[in-house]
Each structure stands twice: as C-alpha cells, then as structure tokens.
Amino acid sequence: MDDKIELITGVNPAEVPAVKPAERADNIGQFIGEAMSDDQKINALMSSSKPEITVLVGFVGYGKTSFVSSFYQTLLQKEDIAGYAFYDSETLVGLERRSFLRRLNDRNIEIAPETKRTVLGEPYLLTFHLSHPQYGDKLVVISDHSGEDYADYAAKKGKIADDILIKNADRIMFFVDSEKLCNEQRLSLTTQYQQLLRNMKENGLFVRKTKLQLVFNKIDKVNDENKFGKEKEKLITNFEDIINLKIGQTFEIRANSLKNNNKLISLFEDIILHTVEETSNQPQASSLDWVNEMINKKK
Amino acid sequence: MKCLIAGMPSTGKTTFIGALSYLLSNPVEGQALSFAEIPADFSYLNRLQQPWLSIKEVDRTQIGGATNIELSLKRNTDGNVISVSLPDIAGENFQAIVQKQSQLIKDWDSEPDSLMLFIKDLNSSVFADQFQNDDTIKDTKLPSFDMKDISNEVQNVLILKELHNLFPWKKLAICFTAWDVYQNDYSNPREYLKQNSRFMNNFIKRYFPDAKLFGISAQGDIYSTENVESLIEKTENGQRSFVVTEDGIKSYDLTLPLSSLI
C-alpha cells in the first residue's frame, strides 16, 4: 500500500538507472514525445483514468521491443482492438523509436545484434490512451526496460527495489527466447532468470495480486517441439518454485511479425481487456480513481 | 482574426497563399471572401503569386523567418470586413518543433485564434513485414534514429499537440493538399484520413471534434509541359484551384478553409 502511495505522491523518487554516456543512443531526448524514464511522471497521467500497468521483463534479445512495437503498429493500423481505439500517447517518439529498431532487425543490417535494441537506461515507459464507445477511456502503460537493465537487476541484489513500477504492475510478462531455451544457451537463460526472480522475491515484488505470465517468444525458431515442451515445463516449475506462486498463463508467440499471427493479436486483446479485471462491465469513474483514494488515505 | 498556417516542408502552404492572393483579387462566382482593400504593398504576395500564374513551382520559403501577411477581407454574404493575419513560415520550422528546436515559432509574437494545418501525404509507419528480407544493409554501425524515421502521421500529431500547447487556438482546419492526385481514390478528405491514418483520425475526433477537413489543390493539377495552356485557361475561367469539403462537394472557392475559421 505504501509503495503505491509513494508512486503517487513521489515520497520515494525512483533512481534513474545510471547510464554511461557512451552506452546511450546519440540523440535520445532530442525529440518531444520520447518514452519516459521517470516512474513519477506516470502520476501526471493518472488524473482522468486508471492506468493499467504491464511490465515486460526479459534479457537482451528476448523480443520485448519487437513485442511492444507490434502492439503499437497494430493499434495504429486497426480501427480498434477489442472495441478500443487508440487516440493518443505521451510517448509517440519512444514508440516510433521501437518501430525503427524492429525495422532494423528485420532488414538484416549487418551490425552486432546487441546494438539493435533498447539500450541501457533508455527511457522505457510507454503510454497508450484508448477509448471504447461504451466503456469509455483506458490508459495502458507498458514498461519496456532494456535487457541490460534486467541483467543489472539480476546481478545486483537491491537494484530492483528502485523500480517502483514493477511493484505496482498489474501484469508482469516474463519473456523467454524459445530458441535459446532449446539450445546450449538454456542454462545461461535459466540461471539469469533464477537470479532475477530471487532478487524480485527478496524485494517483495510478488506480494500483490499481479498477473504473472510467461511469454515464449521466437516460437517459429523452435525445431524440436518435444525438447521445447520439456524445457518449457522445467522452466515453469523453476519459476514457480522460486517465487512460490503459480504462473497464471503462458503464451507461445513470434513477436516480430503480424502476418497471420492471431495468437499475437489475441494477446494484445488480453492486455487491453484483462490486465485489470473489472467487477462489472462498466466500472464507475470513482472506483477507478485510485490515485486520489490513496492520496486521501495517506492524509 | 489571426490564422497560423502550419505544415511540414513542401506541403503547399506558400502555393496556397499565392493562389489565394490571386483569387481574392479575382473572385470566382459565389466566393466566400474577397479583398476589402488591396494591400498597400503587394510585393511579397506578388513573389508568391507570379510563379503560380506562370504554372511554375513556388520557391521554398526561407528557413528562419516569419513573414506576416496582413489582409483586409470582405465576407461576401454580409459585407463584413475582417482583418486576417497569415504568417508565411517555412515547413522546416514546424518540423523542428518535434526536435525541440524551433525557437522562431516559440518566440513568434502573436496569438492565433485559428490554425490551418497543411498535410501532403500521410504515409503510415511501415510494417516490418513489408520489408524484403534480402534488403541487407552492409553497415557496421547502428543508423541514427532521425526525423525521417518518424512517420508523417506521428509528426503531424506532434506538431498539432505542440502548437496547441504554444498557442491555444480555438478553430482548426486540416487541409490535405495535392488533392488533384487523390481525388479519384477518395470521395472526401475524411475518407482519406480514415484510410491513411486511423490514429490521426481518432486523435482529431477526440481533441478537435469541430475541426474542418478539406482536400485542396492550389495548383489545379500536376505541372507538366502538356497542361500549361489548359491550366492558364482554367485560371482565367476561375476553374483551376479547387477545394473538396468533408461532404465531398467540389468548389473552386479557395477561400472556403479560411472562411470556415471565421
């Protein structure tokens, strides 16, 4: 409860990830509408509708940026998703940057793969304002930290405690590179996740009723389905043993393509419709205003 | 009335002003606005009007300066005289807003009560799926993210947002230019917007529900050596520049977007 109040009132400002200048893209911050790097700024967005926070967790190259880029492209192109139309974002340039990175990946540019991604400490909060003709407005917030940030969270015990947004996430999606899960890199993958999950647990990040989901990305690159099935089950058990909670749902997707990709679209619909379960189809505005409720309780 | 004419580079703002200045002196039948008084100094307008009359491209507006054009116009329905102020500002200055660099516009000492946003095309962001996989670029360095990597629809939305923050104008007209190119594919400008940028259509419906949409062709056609004479003839007959309203009605009255803001 106090964490949420801190998020709202800014009692305990989040530390902006330390970034060496050389590791940052050369022109981040030169445009209006960049992604946000300060969790506190989300406060400013909360006045009109309750934000629904989805945090994408995963290491370098697991496909978080491709996923969020495909989500953005789908919202841009479709009249609506599950009846919700996309009409605004404070972070349009942040979203365009991610589309740019996805395009580079798909054009086989011969540069080191680890450079074609969201970089360490890059602004990561992305907003989507959606509107439904019957149910009104919805603010979806997606946290797309760089894989290096999560490597940092895994390697340094207390580091993740600074991430206020994870503490307040409605949904955490753990991305897994399915190709790596089936090849010689699987031990590296599972060990790094074990470190991260332990740090998350030790910092009390699994106490809320957050939806925990595993997203097996790059499913098209899996050659041996039996092996994948076994490794998938082992990983789920591993996760559940560490966090002492059940993983709610798992998804098998390819995040970098929208062609004939109904599974991906269904997942997008799920994010929009079911990140926060409503008790009725048409929630009252007052019950959504948890920002003010929390502030008032604090007073 | 102060009206800011905004738009990205090469969207036809200056061509529009050149054509408008001619039609205000030589109104077509039923035209909404005409000159109440010819400006004392017509030299700047002549510079814009002459190439239009000669079926030539107008020189690009110089970056870095804002030329205020003051017009005294008569509304032909009731004879009322209206002062209209139109600044001619280069598109690069508007585009620079997105890069937090357009001091010229931020410092512009005026309070427009309306905005005409000119848009030439709305290419949506390109799906990665549409790239060919064999399109390999032999490069070892990450290309820098630049303005050209931001889709037109998003640049225009960002310009609208920022201009409204700077100058909270009350009325908005969105003019899709080069309509001669689009007229066979789209029955009206709303249809064009919906089909080319659902997001921008949602954005405008949400924040500017009373915005007027127009398709505009100030040139009348794509210039070529073959159609010079026919365009001159059309100019003489008042049937060259045209406007298409949201209802799909075509009119040769180029003052319609401006009069919709009064």
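Residues numbered from 1 in each chain as written. Chains lettered and ligands numbered in written order. Predicted model: local features only at pLDDT ≥ 70, side-chain atom pairs only at ≥ 80, totals over all residues. Heavy atoms only, no water.

Brief notes about unusual backbone geometry
Then, in step 1: Unusually for a residue other than glycine, A:Asn260 sits at a positive phi of about 45 degrees.
Then, in step 2: Relative to the helices and strands, A:Asn260 is located in the loop between strand 7 (249–252) and helix 10 (262–274).
Then, in step 3: Even without being a glycine, B:Ile55 presents a positive backbone phi close to 55 degrees.
Then, in step 4: Given the relative accessible area of 7%, B:Ile55 is considered buried. (Helix = DSSP H or I, 4+ residues; strand = E, 2+ residues; numbered from the N terminus. Buried < 20%, exposed > 50% of the residue type's maximum accessible area, 1.4 Å probe, protein only.)

Some remarks on the nonpolar core
Then, in step 1: Ranked by size, the top nonpolar core spans 114 residues in total, and within it A:Phe67, A:Phe128, A:Phe174, A:Tyr193, A:Leu196, A:Met200 and B:Leu163 carry the most contacts.
Then, in step 2: Sequence-distant contacts of A:Phe128, that is, excluding residues within four places in its chain, are made with A:Val68, A:Phe71, A:Tyr72, A:Leu75, A:Phe86, A:Asp88, A:Leu95, A:Lys138, A:Leu139, A:Val140 and A:Ile142.
Then, in step 3: Counting residues in hydrophobic clusters, the runner-up holds 39 residues, among them B:Cys3, B:Ile17, B:Phe42 and B:Leu71. (Core = buried A, V, L, I, M, F, W, Y, C linked by side-chain atoms within 4.5 Å. Contact = heavy atoms within 4.5 Å.)

Quick notes on the packing of aromatic side chains
Residue and element names in this part refer to chain B.
Then, in step 1: Following the criterion strictly, the structure yields 28 aromatic pairs over all chains and no others.
Then, in step 2: The lysine or arginine in question, Arg 240, covers the ring of Trp 52, its NZ or CZ lying 4.1 Å from the ring centre.
Then, in step 3: Its guanidinium or amino end placed over the ring of Phe 242, Lys 250 lies 4.3 Å from that ring's centre, counting from NZ or CZ. (Phe/Tyr/Trp six-rings, centres within 6.5 Å; stacked < 30°, edge-to-face > 60°. Lys NZ or Arg CZ within 6 Å of the ring centre and 35° of its normal.)

Regarding helix 10 of chain A
Then, in step 1: With 13 residues, helix 10 of chain A extends 17 Å between its outermost C-alpha atoms, agreeing within 8% with the 18 Å of an ideal straight helix rising 1.5 Å per residue.
Then, in step 2: For helix 10 of chain A, the set of buried residues is A:Leu264, A:Ile265, A:Leu267, A:Phe268, A:Asp270, A:Ile271 and A:Ile272. (Expected span 1.5 Å × (residues − 1).)

Thoughts on the packing of helix 5 (residues 152–166) of chain B against helix 8 (residues 198–207) of chain B
All names here are of chain B.
Then, in step 1: Helix 8 packs onto helix 5 with a crossing angle of 20 degrees between their chain directions and a minimal axis gap of 9 Å. With respect to helix 8, the axis of helix 5 lies roughly parallel. Seen along the crossing, helix 5 lies across helix 8 with a hand that is left-handed. Residue-level contacts link Glu 153, Asn 156, Val 157, Leu 160 and Lys 161 of helix 5 to Phe 199, Met 200, Phe 203 and Ile 204 of helix 8.
Then, in step 2: Considered class by class, the residues forming the contact of helix 5 with helix 8 number 6 nonpolar, 1 polar and 2 charged. (Axes fitted to C-alpha atoms, helices over the stretch in contact; angles between N-to-C directions. Parallel < 35°, antiparallel > 145°, perpendicular 65-115°, else oblique. Left-handed = near helix turned anticlockwise from the far one by under 90°. Nonpolar A, V, L, I, M, F, W, Y, C, P; charged D, E, K, R; others polar.)

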